[in-house]
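Observations on the three-dimensional arrangement
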Amino acid sequence: MTASKRQLAMVMDLNKCLGCHTCSIACKTLWSKDDGMEYMQFNTVNTIPGQGTPKDWETMGGGFDAQGNARPARLPSRKEYGDAWQFSHDELYYGGRGNSRHLEIKGDTPEWGPNWDEDQGGGVFPNAYYFYLPRICNHCTHAACKEACPRGAIEKREEDGIVTVNEDRCRGYRFCQAACPYKKIYFNHQKHVAQKCIFCFPRIDEGVAPACARQCPGRIRFVGYRDDQEAPIWKLVDKWKVALPLHPEYGTDPNVFYVPPIGPAMFDGSGDIDESRPRIPDEYLVGLFGPKVLDALATIKAEREKKRITGKSELMDLLIAYEWKNMFGGFDKDPSKVQVATIQWTRKR
Amino acid sequence: MKAQFIRGVSLKELLDPEAMVWRGVKPEPLLLSGTPSALQPTLAVRAAFPEGTIGAVKNVVVAAAHNGSEIAFRLEWQDHSADTGADGQDDVGFPDGAAILFPTRKGAPLMTMGAPGLPVNAWYWRADENGRGRHVTAQGLGTSDTLDRELVKANGIYQSGVWRVVIARSLQTRNGGSAAQLSAGGKTGISVAIWEGSHKERAGIKSFALGQQEGWHELILDRQA
């Protein structure tokens with residue numbers, strides 16, 4: 001395995017995600033509109049606790065165990081991702097039924113979708129809780145998808161570590177799809193190839209941040225090289241240690257990191273606020289981000305307090321992101337001012 | 001194995017697995033074995049298919065005939081389901097498949113699907129691409145590449161738990177280097193592989209015919225009488 005010279009990374013601050021799905025739409029609009037991609041969302045946002053996308057993906061296996069062995073895994077189905085629903089637009093808009101019928105889903109009644117359990121969350125009233133978890137491909141350093149492919153069809157770009165599928169080599173065997181423990185690889189059932197998030201590399205190549213980050217109204221996403229000590233990624237991940245990978249126990253060394261959510265305080269039995277106990281259980285966050293999450297939460301709380309009292313905290317100023325350009329490690333060019341390459345996904349064969 | 005010469009038979013007739021012409025061609029049963037797990041190129045593939053779990057189809061019956069310019073192989077094997085791939089199976093399905101494999105140079109190894117500089121040439125049929133075959137070359141595990149989708153003709157019929165598939169090509173082709181060149185009166189090494197879709201067999205996960213000559217069976221093409 002040849003290591004990439006540098007690694008691009010993303011940090012998402014879960015305290016700021018408002019669950020608006022602008023990221024998903026920005027991505028969908030740019031990259032997954034071709035035939036066979038209808039059900040694909042390289043970027044998803046799920047309410048958690050919840051079953052996620054694809055449904056119950058955390059139970060499907062993949063990645064590596066502590067000894068580096070490939071963990072058993074199964075393929076997610078298109079239904080588990082949530083198939084693209086077909087609506088009765090034609091009938092209503094062009095078939096003269098616009099005043100007599102509501103918009104309806106055509107075909108079988110769906111049983112699952114990519115955002116099916118939105119805002120359900122966990123806990124019991126008055127201490128119910130939830131937060132949003134946006135996910136893209138983690139562009140892992142130890143990428144299980146790349147290592148699983150018997151044809152070497154998955155590549156990790158030498159210059160920035162972006163993981164891509166070479167669709168001319170891909171034969172649609174889907175070993176990658178099972179091996180990815182985050183289930184962030186989709187199968188194009190028309191072209192018979194695997195497709196996934198490309199970290200917007202045609203934009204990156206022109207100095208533009210990925211669309212999911214650039215379009216985010218909540219300014220939750222930071223982008224940049226992992227080792228750029230002047231930029232926010234290194235500061236959040238390595239200096240302040242408040243950004244952590246999702247499910248580090250999967251053994252793939254992800255390059256997307258999350259600032260864990262603090263969440264509101266508890267209500268006690270008499271309805272008063274109890275600041276001593278977190279609404280989002282520590283053990284739940286440990287289950288997602290590993291035991292280091294407790295230190296990260298403590299740091300964020302301490303720095304919040306410091307900011308409150310003194311008005312000064314490097315960490316809080318970073319996370320607040322007063323100036324959006326400072327979030328993107330130099331990838332801040334205006335996409336309308338550069339020529340971003342389009343992608344010819346598959347050679348016809 | 002012999003490829004019987006049949007004067008004047010058309011490719012169209014040979015491509016029909018139920019054509020009368022095949023009744024006059026002596027078939028040969030071949031035993032198939034699973035590819036070794038240890039030879040699979042990646043950890044994930046080996047973990048998904050440990051030793052002893054590969055190779056769902058154990059037997060295939062092969063008949064071969066040529067007309068002096070084209071050669072056809074008729075494969076028949078039992079299969080409890082016709083698997084036509086991912087679509088309609090919620091993206092978790094895999095298609096049944098079959099292939100004939102030839103060395104294109106002396107010494108091209110069967111077990112590793114050729115080697116650098118020693119290509120093998122597969123004529124490949126898949127249930128989800130029924131009607132047309134793939135002309136494939138490989139120079140080692142995981143290197144197979146589709147040369148073209150025109151030269152190999154393939155046609156399968158599934159009925160009552162049996163696949164009957166004909167895979168055919170001209171004896172000679174223009175792309176000499178990586179494609180097998182056959183001739184009436186000549187002989188070549190040959191192997192056969194079957195992928196069982198319902199067993200999630202794909203890529204190197206398949207059963208294949210292991211022969212006596214460095215793994216290859218021998219195919220003798222009748223002279224044009």
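For the structure itself, consult the block above.
Residues numbered from 1 in each chain as written. Chains lettered and ligands numbered in written order. Predicted model: local features only at pLDDT ≥ 70, side-chain atom pairs only at ≥ 80, totals over all residues. Heavy atoms only, no water.

**Some thoughts on the nonpolar core**
Residues A:Met10, A:Val11, A:Leu236 and A:Phe289 are the most contacted members of the largest nonpolar core, which totals 88 residues. It is strand β1 (residues 8–13) of chain A that provides the largest number of residues to this core, a total of five residues. In contact with A:Phe289, not counting residues within four places along its chain, are A:Leu14, A:Leu244, A:Pro245, A:Leu246, A:Pro248, A:Tyr258 and A:Pro260. Listed in part, the 32 residues of the second largest apolar core include B:Met1, B:Val62, B:Val165 and B:Ala209. (Core = buried A, V, L, I, M, F, W, Y, C linked by side-chain atoms within 4.5 Å. Buried < 20%, exposed > 50% of the residue type's maximum accessible area, 1.4 Å probe, protein only. Helix = DSSP H or I, 4+ residues; strand = E, 2+ residues; numbered from the N terminus. Contact = heavy atoms within 4.5 Å.)

**Overview of empty space enclosed by the protein**
Residue and element names in this part refer to chain B. Here the structure, examined in full by the defined rule, presents seven cavities of 30 Å³ or more. Taken as a whole, the largest cavity encloses approximately 530 Å³ of empty space. Lining of the largest cavity is provided by 32 residues; of these, Met113, Trp195, Ala203, Gly204 and Lys206 occupy positions nearest its centre. When contributions to the lining of the largest cavity are tallied by element, the ones reaching two or more residues are β5 (97–103), β6 (120–126), β7 (134–138) and β11 (187–195). Broken down by element, the lining of the largest cavity gets its largest block of residues, four residues, from β11. (1 Å grid on protein atoms, 1.4 Å probe; cavity = no way out; pocket = protein on both sides within 12 Å on 5 of 7 lines; lining within 4 Å. Points joined across faces, edges and corners; volume = space filled by probe spheres on them.)

**Some points on the pattern of salt bridges**
For the coordinates displayed, the defined rule picks out 26 salt bridges over all chains. Of the charged contacts in the structure, one is a salt bridge between A:Arg6 and A:Asp227, with a shortest N-O distance of 2.9 Å. Residue A:Arg6 is found in the segment before β1, and its partner A:Asp227 is found in the loop between β8 (221–225) and α8 (232–239); the two are separated by 221 residues along the sequence. B:Arg126 is paired through a salt bridge with B:Asp128; the nearest N and O atoms lie 2.8 Å apart. (Salt bridge = Lys/Arg side-chain N within 4 Å of Asp/Glu carboxyl O.)

**Let's talk about the pairing of strand β12 (residues 273–278) of chain A**
All names here are of chain A. With three bridges joining them, strand β11 (residues 265–267) and β12 adopt antiparallel strand pairing. Counterpart to Met266 in the pairing with β12 is Asp274. Between β11 and β12, which follow one another and run antiparallel, lie five residues, and Gly271 among them has a positive phi close to 85°. (Pairing = 2+ DSSP bridges.)

**Some thoughts on the packing of aromatic side chains**
Considering all chains together, one arrives at 24 aromatic pairs over all chains under this definition. Note on A:Phe131 and A:Tyr284: the rings are 6.4 Å apart at their centroids and 70° apart in plane angle, and the pair reads as edge-to-face. Of the two residues, A:Phe131 sits in strand β3 (residues 131–135) while A:Tyr284 sits in helix α9 (residues 282–289), which places them 153 residues apart along the sequence. Judged by relative accessible area, which is 5%, A:Phe131 ranks as buried. Judged by its relative accessible area of 22%, A:Tyr284 falls in the partly exposed class. In textbook terms, an aromatic cluster arises when at least three aromatic residues are bridged by ring pairs, as seen for A:Tyr39, A:Phe42, A:Tyr81 and A:Tyr186. The ring of A:Trp57 has A:Arg135 lying over it, and the distance from NZ or CZ to the ring centre is 3.7 Å. The side chain of B:Arg202 reaches across the aromatic face of A:Phe175, ending 3.8 Å from its centre. (Phe/Tyr/Trp six-rings, centres within 6.5 Å; stacked < 30°, edge-to-face > 60°. Lys NZ or Arg CZ within 6 Å of the ring centre and 35° of its normal.)

**Examining the packing of α9(A) against helix α10 (residues 293–310) of chain A**
Residue and element names in this part refer to chain A. Interhelical geometry of α9 versus α10 gives an angle of 115° and a closest axis separation of 9 Å. Of α10, the residues touching α9 (which contributes Asp282, Leu285, Val286 and Phe289) are Val293, Leu294 and Leu297. Here the residues of the contact of α9 with α10 are counted per class, giving six nonpolar, no polar and one charged. (Axes fitted to C-alpha atoms, helices over the stretch in contact; angles between N-to-C directions. Nonpolar A, V, L, I, M, F, W, Y, C, P; charged D, E, K, R; others polar.)

**Brief notes about α9(A)**
All names here are of chain A. Considered for burial, the residues of α9 that qualify are Leu285, Leu288 and Phe289. Summarising the axial view, the buried residues of α9 lie within an arc of 75°, below the 170-degree limit, and thus occupy one face. Check the buried side of α9 and you find it contacts β2 (44–48), β3, β9 (244–245), β10 (256–259) and α10. With its phi angle positive at about 85°, Gly290 sits one or two positions after the end of α9. (Arc of directions from axis to C-beta.)

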